[in-house]
Amino acid sequence: MMAIALLASGCGATHLAAPAVSGSVGTEQQSPELPFRSLPRQAYTPNDWPETLEAEVNLPETPGNGLRPAALIVHGGGWQNRGPEDMGGIAEQLASRGFVTLNIEHRFAPEYRFPAQLHDLQQAMAWLHDNAEAWRVDTDRIVGVGFSSGAHLVSLLALSGSDGELAAPHGGDHSRLAAVLAGGLPSDLFKFPDGRLVVEFLGGTRAEVPEQYALASPARQVRPGAPPFFLFHGTWDRLVPLDHATDFRAELEARGVENELYLQHGRGHFLSFLTRGSAIEAGIAFLERQVNGE
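A brief look at the structure comes next. Since the model is a prediction, treat every value here as computed from it, not as a measurement.

Conventions we followed
Residue numbers restart at each chain and count upward from 1, following the sequence in its written direction. The model is predicted, so local features are restricted to residues of pLDDT at least 70 and side-chain atom pairs to those at 80 or more, both for listing and for counting; the totals for chains, interfaces and linings are taken over all residues. Values reported for side chains reflect all heavy atoms of the structure, with hydrogen atoms and water molecules removed beforehand. Every axis in this analysis is a line fitted to C-alpha atoms, fitted for helices over the stretch in contact. Angles between the N-to-C directions lie between 0 and 180 degrees. The numbering of helices and of strands both runs from the N terminus, where a helix is a DSSP run of H or I of at least 4 residues and a strand a run of E of at least 2. Orientation categories follow fixed angle ranges, with anything under 35 degrees roughly parallel, anything over 145 roughly antiparallel, 65 to 115 roughly perpendicular, and all other angles oblique. Here is the rule for handedness: rotate from the far helix to the near one, and if that takes an anticlockwise turn smaller than a right angle the crossing is left-handed, while a clockwise turn gives right-handed. Contact between two residues is taken to exist if any of their heavy atoms lie within 4.5 Å; hydrogens are not considered. Residue type decides the class: Asp, Glu, Lys and Arg count as charged, Ala, Val, Leu, Ile, Met, Phe, Trp, Tyr, Cys and Pro as nonpolar, and the leftover types, Gly among them, as polar. The span expected for a helix works out to 1.5 Å for each residue beyond the first. Residue exposure (1.4 Å probe, protein chains only): buried if accessible area is under 20% of the type maximum, exposed if over 50%, otherwise partly exposed. A 3.5 Å cut-off defines polar contacts: any pair of N or O atoms within that distance qualifies, except that in protein one atom must be a possible hydrogen donor and the other a possible acceptor, and neighbouring residues in sequence count only when both atoms are side-chain atoms. If DSSP finds at least two bridges between two strands, the strands pair. Any two of the Phe, Tyr and Trp rings considered here, Trp counted by its six-membered ring, make a pair once their centres fall within 6.5 Å; the pair's planes then place it as stacked at under 30 degrees, edge-to-face at over 60, or tilted in between. As a reminder, the over-ring test applies to NZ of lysine and CZ of arginine, requiring each to be within 6 Å of the ring centre and within 35 degrees of the ring normal.

### Thoughts on the packing of helix α2 (residues 88-96) against helix α10 (residues 277-291)
In step 1: At a closest axis distance of 11 Å, the pairing of α2 and α10 adopts a crossing angle of 45°. With respect to their mutual orientation, α2 and α10 come out oblique. Between α2 and α10 lies a crossing whose hand is right-handed. Together, Ile90, Gln93 and Leu94 of α2 and Ile280, Glu281, Ile284 and Leu287 of α10 make up the contact between the two elements.
In step 2: Along the lines of polarity and charge, the residues of the contact of α2 with α10 split into five nonpolar, one polar and one charged.

### Brief notes about α10
Owing to its 3.6 residues per turn, the α-helix aligns residues three or four sequence positions apart on the same side.
In step 1: For α10, built from 15 residues, the straight-helix expectation of 21 Å at 1.5 Å per residue is met to within 8% by its first-to-last C-alpha distance of 21 Å.
In step 2: Counted residue by residue, α10 has 13 buried out of 15 residues, so it is predominantly covered.
In step 3: Gly293 occupies a position one or two residues after α10 and carries a positive phi of about 70°.

### A word on the side chain of Thr62
In step 1: Relative to the helices and strands, Thr62 resides in the loop between β4 (54-60) and β5 (68-74).
In step 2: Assessed through its relative accessible area of 17%, Thr62 is described here as buried.
In step 3: Within the structure, the side chain of Thr62 is placed 3.1 Å from the side chain of Arg136, a separation counted as a polar contact.
In step 4: Excluding residues that lie within four positions of it along the chain, Thr62 makes contacts with Leu34, Arg68, Gly98 and Arg136.

### Some remarks on the pairing of strand β6 (residues 100-104)
In step 1: With respect to burial, β6 is a largely interior element, five of its five residues being buried.
In step 2: Burial along β6 is two-sided: Val100, Leu102 and Ile104 and Thr101 and Asn103, pointing in opposite directions, are all buried.
In step 3: Relative to β6, β4 runs antiparallel, the two being bridged by four bridges. In the strand pairing of β6, Glu56 is matched with Asn103.
In step 4: Of the strand pairs in this sheet, β5 and β6 are connected by five bridges, and their pairing is parallel. Following the sheet pairing, Ile73 is matched in β6 by Asn103.

### Looking at the packing of helix α3 (residues 116-130) against helix α5 (residues 149-160)
In step 1: Between α3 and α5, whose axes approach to 10 Å, the crossing angle comes to 65°. Judged by the inter-axis angle, α3 sits roughly perpendicular to α5. Every pair of crossing elements has a handedness; the one defined by α3 and α5 is right-handed. Residues Gln117, Leu118, Leu121, Gln122 and Met125 of α3 touch α5, and the partners they reach there are Leu153, Val154, Leu156 and Leu157.
In step 2: In terms of residue class, the contact of α3 with α5 is made up of seven nonpolar, two polar and no charged.

### Regarding the packing of aromatic side chains
In step 1: Across all of its chains, the model carries ten aromatic pairs by this definition.
In step 2: Relative to Trp135, the ring of Trp127 has its centre 5.3 Å away and its plane inclined at 75°; by these criteria the two rings are edge-to-face. Each member of the pair, Trp127 as well as Trp135, is classed as buried.
In step 3: A centroid spacing of 5.2 Å and a plane angle of 80° characterise the contact between Phe229 and Phe248, whose relative ring orientation is edge-to-face. Separated by 19 residues along the polypeptide, Phe229 in strand β9 (residues 229-234) and Phe248 in helix α8 (residues 243-254) bring together distant segments of the chain.
In step 4: Looking at Phe248, the relative accessible area reads 0%, which means it is buried.
In step 5: An aromatic cluster of at least three residues, connected via ring pairs, comprises Tyr44, Trp127 and Trp135.
In step 6: Across the ring face of Tyr112, the terminal group of Arg107 is positioned such that the distance to the ring centre comes to 4.9 Å.
In step 7: Lying across the ring of Phe273, Arg276 places its NZ or CZ 4.3 Å from the centre.

What follows is the structure in structure tokens.
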């Protein structure tokens, strides 16, 4: 009933973007939709990986033989549950816009603690590179897409998964992302009280493992030259409060990193995902500008 009431009340949005692309919400021009082919779900991890993980792959039917952009897509669930089916609609939207999509599983906490999940993403990127020729993927135009804990993982991959402390032993050049679309992003894990999800993900409280909290916080890994970010966030989010988005955007701004923030007024964490339509359209338009050099 709350969701219906909010929708009926005409809860709007504010799109904080560069002047060249800002304007009325919902006016982003869409590319014509393309048909796409879904491959059977298959393992992307090597045989000796601690757990066999699978990916859903969509291949757009683009004209000609040119290379296409790709998207690594990661679901939410507090690093502990859910699956690729949550992001299936977004994967289909991206495929219909010409992106090869890789919608993946990852290992769950508390059995597997950080950085195991980041290693899974790095392995998925290696697999995508291995299949790039067959799938006609331009490996310089791979983007990351995620919501909630999935947004956290793709953001961390974009910021520190290809070089630096988190690159070893599974990262490297193959882990580079060209841009990120992140919704409900937990950007600074120090902001959370010592609740179960983060403690089980990182293996301790803020006082016990502060180095893990710093390493796992995208807001503390921002550097000049980082890839562009599109963020969307509900202004009533109590699970991941709005300052995760606004403070993270301030860090991006301070380091000259291109970014946009799409505020979904009157929506909490889960409703911002369920009513993500215009935010995702604006986000995909942002990704298209990045990978097409516009």
